[in-house]
Amino acid sequence: QVQLVESGGGLVQPGGSLRLSCAASGSRFSVYTLAWYRQAPGEQREWVARITTGDNTAYADSVRGRFTISRDNAKATVYLQMNSLKPADTAVYYCFASYNRPYWGQGTQVTVSS
């Protein structure tokens, strides 16, 4: 059983930055595929970024060049560095992990507003 706990969300002005963290339980974190998703009010959940066990990364077009996903296997944590934030980035951000099953965190709110 894998549990994921997000942190680092909050209120930020347009153009600002936030760094989200997701700490995972379990002893096999290094073999998880990890991703971030987000969901704005009234919208469907959107894939944002993913990182593989080999540290290959991929990003949605809407965040490429602004967001960076990374992982620290020793700390069993995945990060999402978000720069140049826009109001359209406002959403609940969810951590995702896949090993032999999919797992989801409970989400952390990111609000980009003046």
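That block above? That's the structure.
Residues numbered from 1 in each chain as written. Predicted model: local features only at pLDDT ≥ 70, side-chain atom pairs only at ≥ 80, totals over all residues. Heavy atoms only, no water.

Draft legend 1. Summary view of the state of the cysteines. Across all of its chains, the model carries 1 disulfide by this definition. Between the sulfur of Cys22 and that of Cys95 lies a disulfide, 2.1 Å long from S to S. Handedness of the Cys22-Cys95 disulfide follows from its S-S torsion of about -85°: it is left-handed. Taken together, the residues Cys22 in strand E3 (residues 18–24) and Cys95 in strand E9 (residues 91–98) connect sequence positions 73 residues apart. Residue Cys22 shares its accessibility class with Cys95, and that shared class is buried. (Disulfide = S-S within 2.5 Å. Helix = DSSP H or I, 4+ residues; strand = E, 2+ residues; numbered from the N terminus. Buried < 20%, exposed > 50% of the residue type's maximum accessible area, 1.4 Å probe, protein only.)

Draft legend 2. Representation of the pattern of salt bridges in the model. For the structure on display, the rule yields 4 salt bridges. One salt bridge connects Asp61 with Arg64, and the closest N-O pair in it is separated by 2.5 Å. Classification of Asp61 as exposed rests on a relative accessible area of 64%. In this structure Arg64 comes out as partly exposed when scored by relative accessible area, which is 48%. Here Asp89 makes a salt bridge to Arg66, at a shortest N to O gap of 2.8 Å. Placement of the pair is Asp89 in the loop between strand E8 (77–82) and E9 and Arg66 in the loop between strand E6 (57–59) and strand E7 (67–72), with a sequence separation of 23 residues. Taken individually, Asp89 and Arg66 each receive the classification buried, so the pair is uniform in this respect. (Salt bridge = Lys/Arg side-chain N within 4 Å of Asp/Glu carboxyl O.)

Draft legend 3. Here's a closer look at the sheet that holds strand E1 (residues 4–7). What the 4 strands build is an open sheet, ordered E1-E3-E8-E7; its pairing is antiparallel. Two strands bound the open sheet, and with one partner strand each, they are E1 and E7. Across the sheet, the mean angle separating the axes of adjacent strands is 15° when strand polarity is ignored. The pairing of E3 with E8 spans 6 bridges and is antiparallel. Bridging across to E8, Cys22 finds its partner in Val78. (Pairing = 2+ DSSP bridges. Axes fitted to C-alpha atoms, helices over the stretch in contact; angles between N-to-C directions.)

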